[in-house]
Amino acid sequence: MFIILGWVGILDTIFVLVLNGGINLGTLLPGFLGVAMLFWGLKSDYLRQHFLKGHFLRVRQFVRLSIVMVLASFILIESLLLYNTKDPMPSQVGYLIILGAGLNGDKLSWTLWERVDKGLRILQDNKDMKVVVSGGKGPGEWITEAEAMQRYLVEQGIAKERIIKEEQSTSTMENFRYTRELLGQQTSYEPSEPVLVITNDFHMFRSKFLARRNGLNPVGVSSPTPWYLRPNAYLREYFAVVKSFVFDR
């Protein structure tokens, strides 16, 4: 079983890299886990005979218990991710938040284009709604993600006065921390009112609970994830949710 799962993880990483899924934790993690499982499957007898000896049974029990605990938490968190992909749309919303998702130089990545284009359609249908475009400047990016999003929206006919740029953030937690500060400066904003949040489906659960931690009342509007990235994206998000629960305060 470990050998089969190991090869599945390694081949998954190779497949996503070939399809230009990007080099990130979600892409590489299945490969790393695959190498570890493949090593355990092929070398467990050798380890038992030459290194672990009398401790092998306890080590094996620990490994099995760890797998059961991780699997249980994985099923729980993945269920929450799938359940929280879409919310009912409120009748009256004054503000929309679009979370950044990377640039290629100064061009929107495909993922970010999906988010901004969905936001564009909402803004076109709600003429009085304002939008916060949230995202700083990361490695390989020539401008901030917020600036790139603003340029796209303005090119599509959205008035610049309707756009609020948040250009400091480098994480989801910072997206909402700095966005909350900007919204607090708007005379028309009420903290109790709902705000629309656009991000990818797999990212929505974590985005909403981090938004609530920062005093916002989020309503999720999901953007689709390409089919070949979905397994890796949901796997990576499991670890991101655990990290955010513990550290993002």
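Refer to the structure printed above.
Residues numbered from 1 in each chain as written. Predicted model: local features only at pLDDT ≥ 70, side-chain atom pairs only at ≥ 80, totals over all residues. Heavy atoms only, no water.

### What about the overall build of the chain?
Per the secondary structure count, the chain includes 8 helices and 7 strands. Overall, the chain is about 70 × 35 × 30 Å in size when its C-alpha atoms are taken along their principal axes. Buried residues in the chain amount to 46% of all 249 residues. Surface exposure of the chain reaches about 13,700 Å², of which carbon and sulfur atoms provide 62%. Within the chain, the 23 negative side-chain charges are centred at a point lying 9 Å from the centre of the 28 positive side-chain charges. (Helix = DSSP H or I, 4+ residues; strand = E, 2+ residues; numbered from the N terminus. Buried < 20%, exposed > 50% of the residue type's maximum accessible area, 1.4 Å probe, protein only. Areas by Shrake-Rupley, 256 points an atom, 1.4 Å probe, with all protein chains shown as cover. Lys, Arg positive; Asp, Glu negative; His and termini not counted. Charge placed at Lys NZ, Arg CZ, Asp CG, Glu CD.)

### Concerning the pairing of strand β1 (residues 95–99)
Most of β1 sits out of view: 5 of its 5 residues are buried. Burial along β1 is two-sided: Y95, I97 and L99 facing one way and L96 and I98 facing the other are all buried. Two elements, β1 and strand β4 (residues 130–134), share 5 bridges in a ladder whose sense is parallel. When the bridges of β4 are listed, L96 appears paired with V131. (Pairing = 2+ DSSP bridges.)

### Considerations on the packing of aromatic side chains
Within this structure, the stated rule accounts for 8 aromatic pairs. Centre to centre, the rings of F74 and Y238 are 5.2 Å apart; their planes meet at 65 degrees, and the pair counts as edge-to-face. With a gap of 164 residues between them, F74 in helix α3 (residues 56–83) and Y238 in helix α8 (residues 230–247) connect regions that are remote in the sequence. With relative accessibility at 27%, the residue F74 sits in the partly exposed group. (Phe/Tyr/Trp six-rings, centres within 6.5 Å; stacked < 30°, edge-to-face > 60°.)

### A closer look at the nonpolar core
The tendency in soluble globular proteins is for nonpolar side chains to be buried as a group. Ranked by size, the top nonpolar core spans 25 residues in total, and within it L96, L108, V116, V131, L153 and L196 carry the most contacts. Elements with a contribution of two residues or more to this core: β1, α4 (110–125), β4, α5 (145–155), β6 (194–200) and β7 (217–223). When near neighbours in sequence (up to four residues on either side) are disregarded, L196 contacts M89, P90, V93, Y95, L96, I97, I122, M129, V219 and V221. (Core = buried A, V, L, I, M, F, W, Y, C linked by side-chain atoms within 4.5 Å. Contact = heavy atoms within 4.5 Å.)

### With respect to a nonpolar patch on the surface
A cluster of nonpolar side chains, I3, W7, L11, I14, V18 and L42, forms an exposed patch at the surface whose accessible area comes to about 610 Å². Take the nonpolar patch: its biggest share by element is 5 residues, from helix α1 (residues 2–18). Examined against the element boundaries, L11 turns out to sit in helix α1. (Patch = residues over 30% accessible without salt bridge, like charges linked within 9 Å, V, L, I, M, F, W, Y side chains within 5 Å. Salt bridge = Lys/Arg side-chain N within 4 Å of Asp/Glu carboxyl O.)

### Description of the pattern of salt bridges
The full count for this structure, using the stated rule, is 8 salt bridges. Residue D87 is joined to K208 by a salt bridge in which the shortest nitrogen-to-oxygen separation is 3.0 Å. Taken together, the residues D87 in the loop between α3 and β1 and K208 in helix α7 (residues 204–213) connect sequence positions 121 residues apart. A relative accessible area of 2% means that K208 is categorised as buried. Note that D248 is salt-bridged to K243, the shortest N-O span being 3.2 Å. The class for K243 is partly exposed, based on a relative accessible area of 40%. A single network of salt bridges, built from pairs that share partners, joins E147, R151, K165 and E167.

### What to know about the sheet that holds β7
One open sheet holds the 5 strands; their spatial order is β5-β4-β1-β6-β7, and the pairing between them is parallel. With partners counted over all chains shown, the strands left at the sheet margins are β5 (163–166) and β7, one partner each. The mean angle between the axes of side-by-side strands here comes to 25 degrees, regardless of whether they run parallel or antiparallel. Against the sheet, α4 contacts β1, β4, β6 and β7, and its axis sits at roughly 150 degrees relative to β6. Taken strand by strand, α5 contacts β1, β4 and β5, and its axis lies near 165 degrees from that of β5. (Axes fitted to C-alpha atoms, helices over the stretch in contact; angles between N-to-C directions.)

### Description of α7
Note that an α-helix has 3.6 residues per turn; residues three or four places apart therefore point the same way. Most of α7 sits inside the fold, with 8 of its 10 residues counted as buried. M204, F205, R206, S207, K208, F209, L210 and A211 are the residues of α7 that are buried. The first or second residue beyond α7 is G215, which carries a positive phi of 85 degrees.

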